[in-house]
There are 2 protein chains.
Amino acid sequence: MAENIIINDVGPRDGLQNQARVLTPAQRIQLINSLIAAGMRNIEVGAFVSPKAVPAMAGTDEVVAGLPRGDYEFSTLIPNRRGYDMAMACGVGTVGLVVASSETMNQKNINMSTAQAVDVSRGVLDQSRVDGIRTQVYLATAWECPFEGAIATDQVVQLAVQLFEAGANEVVLADTIGAASPADVKQLLKALDAAVDLRAVSCHFHDTRAMGVANVFAAVESGIRKFDASIGGLGGCPFAPGATGNVATEDVVVMLHQMGFETGVNLRGLVAAADLASELTGNCDGGHSIRWIKRQIEMDRI
Amino acid sequence: MAENIIINDVGPRDGLQNQARVLTPAQRIQLINSLIAAGMRNIEVGAFVSPKAVPAMAGTDEVVAGLPRGDYEFSTLIPNRRGYDMAMACGVGTVGLVVASSETMNQKNINMSTAQAVDVSRGVLDQSRVDGIRTQVYLATAWECPFEGAIATDQVVQLAVQLFEAGANEVVLADTIGAASPADVKQLLKALDAAVDLRAVSCHFHDTRAMGVANVFAAVESGIRKFDASIGGLGGCPFAPGATGNVATEDVVVMLHQMGFETGVNLRGLVAAADLASELTGNCDGGHSIRWIKRQIEMDRI
C-alpha cells in the first residue's frame, strides 16, 4: 500500500492575504469548496488578525461559519490570545500560531523578543489543551531571515523542542521568504530528527528562488510527511520583503504521486481550483506544471 | 576550495530550435556572446541538421564562424555522419550525438532501431577519435518515452556502457520530455554509478512537470557535476509531444551557488542574457527565480 503524505492547502489564507484584490467571504468559501472538491481535507481557511493590518482576512468568522461539515481539518492563523478566543468563538478545531526563528523578525513583526513570543504561544497552548483544540506552531523564517540572514540550526531545533514541550501538536518549519536550498532543508531536518519526532513536523516552502519543489523533495527524503502548499502558487508575505508565492499545490502533488505517495487529492480538481483562484484574484498563473496537467486532462490521461 | 559544477547552456540550440521566431545567425551569435559575458564557457551553439526539418538551426556554419576564440567548449548537435562532416568542415571542437533510449523513439525520430542508432554513433565516434574531436552522446528519453512510457533502468545503463565502450567522451542523460521525478533520477544514477564513471556523465532536464530544479538537486546528490540548462528556460523538443522548456540556467545557478558550488558564471550576466533571449524570441519569461534575482541586483546584493 502506498504511503500517505498530507497536503495542507494554505491558498485561502497565505495565498490571499497579500493580494491586491480583496475577496468576499463568499468568494473565499467558493475557493475552499473547490479545494474540497479536489479531495483536499486539510485547508488553512483564514486568519483572526487585525482587519486593518490584513484586510483580506476580514470576515474569517463568516468564512468559518459557511464551511461544510465533515471529516476536514480547517485551520485558522491566530497571532495571539485574542485571535485564539475569536477562533474558539467560531468553533474552529485547529489553530496556527507563529513564532519567528529570528529575534529581529519577532521584534519587527509583533514587537516582542523571541522568548516573549514563545511565552505568548505557551499561554495559548495551555488553553488549547483545556479546550481540545489542535495546534500547529509555525516557526517562521526557519532557514533565513530577511533582516538577520541565515538562522543557526541549533536555534531552530531549540525552539522546536520548547514548543513541543509547551504542548504544540505540530511544528511547521516555514521558509517564509523562500530562501532555503534543498541542502539547507536536509541539514536542518537531520538536526531536528535527533531532537524531536519528525512525524509531528511539517514544512512550508515558498518558490521565490525556484527551489520550492526541490525543497519538498529534500524534506520527503528527510522523513517529512506533511506539507503546506498553495493552490496555483498563490501567495507571498506582506511582512517579508522579496517573498513571492508559496510552492504550488499541483506541482507538489504531481511529484509526490509520481514518487508513489498518496495524497487523496486529484489533479483535475486542483486545476479547477487553480483556475478559480486565477479568476477570483486576477493574479494567479498556476503552478509550473499546470500546462502539462491540462494537456494530460485534454488527452484523458489523468 | 569550493567544488566546481559545469553548466552547459543549450539555449542557443535546444532553446531556439522550436521557437516560432527564427533568429538570424547574427542574433544567435549575439545570444551566445551574452552567455560568454556571463562567464559561460560551455555552450551548445547550433546543430547540423536538415534546414528543412529545423529551420531555426539553418546557418549554424555561419554561427560557428562568428564565434570568439578562447577557452570555450562550443558544441554542435549532429544527427549522423553527414552532420559530423559539416561540423568538422567548420572547425567545431565538440559534437553531440543522439541515441534515444527507446526503440519507438529511434524509429519515429530517425527511422532506425536502437541497435542501428548505436552503430551510426559508433562510426562517428571512431572517426572523431581519429580527428581529435570531443564527443557527447545524448541518451534521449532516458527516463520516459512519450510513446513507450517508463524506460527500464537496465536498458539505459547498457546503452551508456556500450557508448562509452565505443569511445564517447561523455554521456548525457536527457529527460527529453521532462518526465522524471527526483526519485527516478536517483534510481537511474545509482544503477549507472555501478557500471560507469559518473564523472563522464551529465544530465539534461526539462521543467515540464515542475521538477527540473529538484532533478538537478537529486543528480548533484548522486554525484553528477555537469548539467545542461537553458538561459531563461528557453526550449522544448519539436519531436516530443508535451515537452516544454529546459530547466532555466539561472534557477540552476541560484541553487548551486547557494549549495556552495562554483560555476564560473554570474547571475547579473545571466539576467542580461535572459532579457536578450526574451527580446530576440518574444517567447522567454525567464526562470522562476528571475524576479528574485532582479530584485537582488536592484538592491546591489549580487
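Residues numbered from 1 in each chain as written. Chains lettered and ligands numbered in written order. Predicted model: local features only at pLDDT ≥ 70, side-chain atom pairs only at ≥ 80, totals over all residues. Heavy atoms only, no water.

Participant: Mind showing me how you'd approach the pairing of strand β5 (residues 134-140) of chain A here?
Facilitator: Residues and elements named next belong to chain A. Buried residues dominate β5, accounting for 6 of its 7 residues. The pairing of strand β4 (residues 94-100) with β5 spans 7 bridges and is parallel. Across the sheet, the residue bridging to A100 is A140, located in β5. The pairing of β5 with strand β8 (residues 170-175) spans 4 bridges and is parallel. Bridge pairing links Y138 to V172 in β8. (Buried < 20%, exposed > 50% of the residue type's maximum accessible area, 1.4 Å probe, protein only. Helix = DSSP H or I, 4+ residues; strand = E, 2+ residues; numbered from the N terminus. Pairing = 2+ DSSP bridges.)

Participant: How do you make sense of helix α12 (residues 290-298) of chain A when you look at a structure like this?
Facilitator: In an α-helix, one turn spans 3.6 residues; hence positions three or four apart end up facing the same way. Residues and elements named next belong to chain A. If you check which residues of α12 are buried, you get I290, W292, I293 and Q296. Projected onto a plane normal to the axis of α12, the buried residues spread over an arc of 160 degrees and lie on a single side. Residues R291 and E298 are exposed on α12 and point more than 90 degrees away from its buried face. On its buried face, α12 sits against α10 (249-258) and α11 (267-281). (Arc of directions from axis to C-beta. Contact = heavy atoms within 4.5 Å.)

Participant: Please clarify how the environment of D197 of chain A should be interpreted in this entry.
Facilitator: Residues and elements named next belong to chain A. With respect to the helices and strands, D197 occurs in the loop between α8 (182-193) and β9 (201-205). The class for D197 is partly exposed, based on a relative accessible area of 38%. Between the C-alpha atoms of D197 and M255, which are 58 residues apart in sequence, the distance is 25 Å. Engagement of the side chain of D197 in a polar contact is seen with the side chain of R199, the distance being 2.9 Å. (Polar contact = N/O pair within 3.5 Å; in protein donor to acceptor, adjacent residues only side chain to side chain.)

Participant: Would you take a moment to explain the sheet that holds strand β3 (residues 73-77) of chain B for this structure?
Facilitator: All names here are of chain B. In space, the 8 strands of this closed barrel follow the order β1-β2-β3-β4-β5-β8-β9-β10, with parallel pairing throughout. With strand direction ignored, the average angle separating the axes of adjacent strands in the sheet is 25 degrees. Pairing geometry for strand β2 (residues 42-47) and β3, over 5 bridges, is parallel. In the strand pairing of β3, E44 is matched with S75. (Axes fitted to C-alpha atoms, helices over the stretch in contact; angles between N-to-C directions.)

Geometric values such as these leave the question of function open.
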